[in-house]
Amino acid sequence: MAAASLLKTAPILDKTDLWATRVQPARQNPVSLVGFRRGSRSSLVVRASTSYADELVKTAKTVASPGRGILAMDESNATCGKRLASIGLENTEANRQAYRTLLVTVPDLGKYVSGAILFEETLYQSTTDGRKIVDVLVEQNIVPGIKVDKGLVPLPGSNNESWCQGLDGLASRTAAYYQQGARFAKWRTVVSIPNGPSELAVNEAAWGLARYAAVSQDNGLVPIVEPEILLDVEHGIERTFEVAQKVWAKVFYYLAENNVLFEGILLKPSMVTPGAESKIKATPEEVADYTLKLLYRRIPPSVPGIMFLSGGQSEVEATQNLNAMNQKPLPWHVSFSYARALQNTCLKTWGGRPENVKAAQEALLIRAKANSLAQLGKYSSEGESEESKKGMFVKCYVY
């Protein structure tokens, strides 16, 4: 497909010293995590490097800024290919580049989006007119992030459950991503309610997230901690709440054991909803009540931002639930980190046709603005399109 003609980006915004470090040589971390064993009860405390501490806190606060959230565009090339196939396009680098260019060059996107999670190809990629995608994001005051996990694989000894791989070589990869301009990272692991979850799977998920978070912070990246509770089958909202309580408790226990700086992380959890096949649907108010109760029970107020994933909800449903949670002051910035719930209508509007780029970008901006209003507790679903109300749940979803 020929490269689509795209709109110019918004005017360049003033840069803070957060971005001035992007091309500087990597700092040498004076202390590393050594002598620590999982489950150890040794009295010896070995703390992670603090050379990036101030920057980590600043980055996390920038991403968790009022009225803004995260555009998750870190689909693997295979998953991106499925999205392209849905509109009749081949999965080629040129087509992936054209679509990603469309997303990052939406005028004024930075008013509503504070961070963008990228796939590795995208972090090193340029737009169709030759500008570095990382630079285009920074010009919009959007913090570039990077997916660092290597995907889910079967967990031996479990009840047909999974574990997330990617710790091998993570230190060198995160250091390289920092040099390329990334300032936060994402690691997605999942816990399956239909398959248990087993103690083994919960422990493995929580430990992997904690080790990833410690390594990321040691190399200057704010870790997004994403323990997704899969919403497969027909369980009720109470069962989701029960499992999430257990998972979140274990995650934050291991984060503390690994000396992770809570002020320098972001949490990307599932909302507490019934299973996707449940016959009893929850209202936005019910979702908000259960989810906020869980946050108060498990999440320290030092964590600056809770950036919810959409988990296959429709665009409107994800926005309504977020809005319901923001009807009163909260100790955290409660916002969004959506992929399909921001991109679905945009992708279908584009359809791979250059003449549809402007309309597709307007569709993305509409969704970004709607979720910005929801983060502020000021959203109304009046006037939403029928397309935005369609559910997008995929069983055993692979990112």
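The model shown is predicted, which means the values in this text are computed figures rather than measured ones. (Residues numbered from 1 in each chain as written. Predicted model: local features only at pLDDT ≥ 70, side-chain atom pairs only at ≥ 80, totals over all residues. Heavy atoms only, no water.)

Visitor: Describe the overall build of the chain, with residues and values.
Guide: If you tally the helices and strands in the chain, you get 13 helices and 10 strands. For the chain, the proportion of its 399 residues judged to be buried stands at 57%. Looking at the chain alone, contacts between residues at least 24 apart form 81% of all its contacts between residues at least 6 apart. Here the chain displays about 16300 Å² of accessible surface, and carbon together with sulfur accounts for 53% of that area. (Helix = DSSP H or I, 4+ residues; strand = E, 2+ residues; numbered from the N terminus. Buried < 20%, exposed > 50% of the residue type's maximum accessible area, 1.4 Å probe, protein only. Contact = heavy atoms within 4.5 Å. Areas by Shrake-Rupley, 256 points an atom, 1.4 Å probe, with all protein chains shown as cover.)

Visitor: Requested: an account of the environment of Ala341, with residues and values cited.
Guide: Inspection of the secondary structure puts Ala341 in helix H12 (residues 340–350). You can call Ala341 buried: its relative accessible area is 0%. Residues Ala341 and Ala318 lie 23 residues apart in sequence; the distance between their C-alpha atoms is 6.9 Å.

Visitor: Talk me through the pattern of salt bridges; I want residue IDs and the actual numbers.
Guide: Considering all chains together, one arrives at 13 salt bridges under this definition. Between Arg131 and Asp129 there is a salt bridge; the shortest N-O distance is 3.3 Å. The partner of Lys186 in a salt bridge is Glu226, with the nearest N and O atoms 3.5 Å apart. Taken together, the residues Lys186 in strand S6 (residues 184–192) and Glu226 in strand S7 (residues 222–230) connect sequence positions 40 residues apart. Using a relative accessible area of 3% as the deciding quantity, one classes Glu226 as buried. Three or more residues are tied together by salt bridges with common partners; here these are Asp74, Lys186 and Glu226. (Salt bridge = Lys/Arg side-chain N within 4 Å of Asp/Glu carboxyl O.)

Visitor: So, the sheet that holds strand S10 (residues 333–338): which residues are in play, and what are the values?
Guide: Reading around the circumference, S1-S2-S3-S6-S7-S8-S9-S10 is the order of the eight strands in this closed barrel, with parallel pairing throughout. Of the strand pairs in this sheet, S7 and strand S8 (residues 266–267) are connected by two bridges, and their pairing is parallel. Residue pairing in the sheet places Ile224 in a bridge with Leu266 of S8. Helix-sheet contacts for helix H8 (residues 199–218) involve S6 and S7, and the interaxial angle to S6 is about 175°. (Pairing = 2+ DSSP bridges. Axes fitted to C-alpha atoms, helices over the stretch in contact; angles between N-to-C directions.)

Visitor: I'd like to hear about the packing of helix H11 (residues 315–325) against helix H13 (residues 357–375), residue by residue, with values.
Guide: Angle between the axes and distance between the axes: these two values describe a pair of packed helices. At a minimum axis distance of 7 Å, the contact between H11 and H13 shows a crossing angle of 20°. By the angle between their axes, H11 is roughly parallel relative to H13. Both H11 and H13 take part in a crossing whose hand is right-handed. Between H11, through Glu315, Val316, Thr319, Leu322 and Asn323, and H13, the contact on the second element is made entirely by Arg367, Ala370, Asn371, Leu373, Ala374 and Gln375. Classifying every residue of the contact of H11 with H13 gives five nonpolar, four polar and two charged. (Parallel < 35°, antiparallel > 145°, perpendicular 65-115°, else oblique. Left-handed = near helix turned anticlockwise from the far one by under 90°. Nonpolar A, V, L, I, M, F, W, Y, C, P; charged D, E, K, R; others polar.)

Visitor: I'd love a proper account of helix H2 (residues 53–63), names of residues and values included.
Guide: Among all positions in H2, only Glu55, Leu56, Thr59, Ala60 and Val63 are buried. Along the axis of H2, the buried residues cluster in a sector spanning 130°; they form a single face. Residues of H2 that are exposed and point more than 90 degrees away from the buried face comprise Asp54 and Lys61. (Arc of directions from axis to C-beta.)

Visitor: Lay out the nonpolar core in plain terms, naming residues and giving numbers.
Guide: Ranked by size, the top nonpolar core spans 111 residues in total, and within it Leu255 and Trp350 carry the most contacts. Filtering out sequence-adjacent residues up to four positions away, Leu255 remains in contact with Leu209, Ala210, Ala213, Val225, Val260, Phe262 and Ile265. (Core = buried A, V, L, I, M, F, W, Y, C linked by side-chain atoms within 4.5 Å.)

Visitor: Any chance you could break down the pairing of strand S2 (residues 113–118) for me, citing the residues and the numbers?
Guide: Counted residue by residue, S2 has six buried out of six residues, so it is predominantly covered. As judged from the five bridges shared by strand S1 (residues 69–73) and S2, these two strands associate in the parallel manner. The residue bridging Ala72 from the neighbouring strand is Ile117, located in S2. The pairing of S2 with strand S3 (residues 143–147) spans four bridges and is parallel. The residue of S3 that forms the bridge with Leu118 is Ile146.

Visitor: Kindly report on the environment of Val190, identifying the contributing residues and their values.
Guide: If you trace the backbone, Val190 turns up in strand S6. Relative accessible area serves as the criterion here: at 8%, Val190 is assigned to the buried category. C-alpha of Val190 to C-alpha of Glu161: the two residues are 29 residues apart in sequence and 8.9 Å apart in space. Apart from the residues lying within four places of it in its own chain, the contact partners of Val190 are Leu152, Glu228 and Leu230.

Visitor: So what about the packing of helix H9 (residues 237–257) against helix H10 (residues 284–298)? Which residues, and what values?
Guide: At a minimum axis distance of 10 Å, the contact between H9 and H10 shows a crossing angle of 25°. By the angle between their directions, the pair H9 and H10 is classed as roughly parallel. When the axes of H9 and H10 are compared, the crossing they make is right-handed. Two secondary-structure elements touch here, H9 through Ile237, Glu238, Phe241, Ala244, Gln245, Trp248, Ala249 and Phe252 and H10 through Glu286, Val287, Tyr290, Lys293, Leu294, Leu295, Arg297 and Arg298. Here the contact of H9 with H10 is built from residues that sort into 10 nonpolar, one polar and five charged.

So, to be careful, I would describe these as geometric facts and stop short of saying anything about function.
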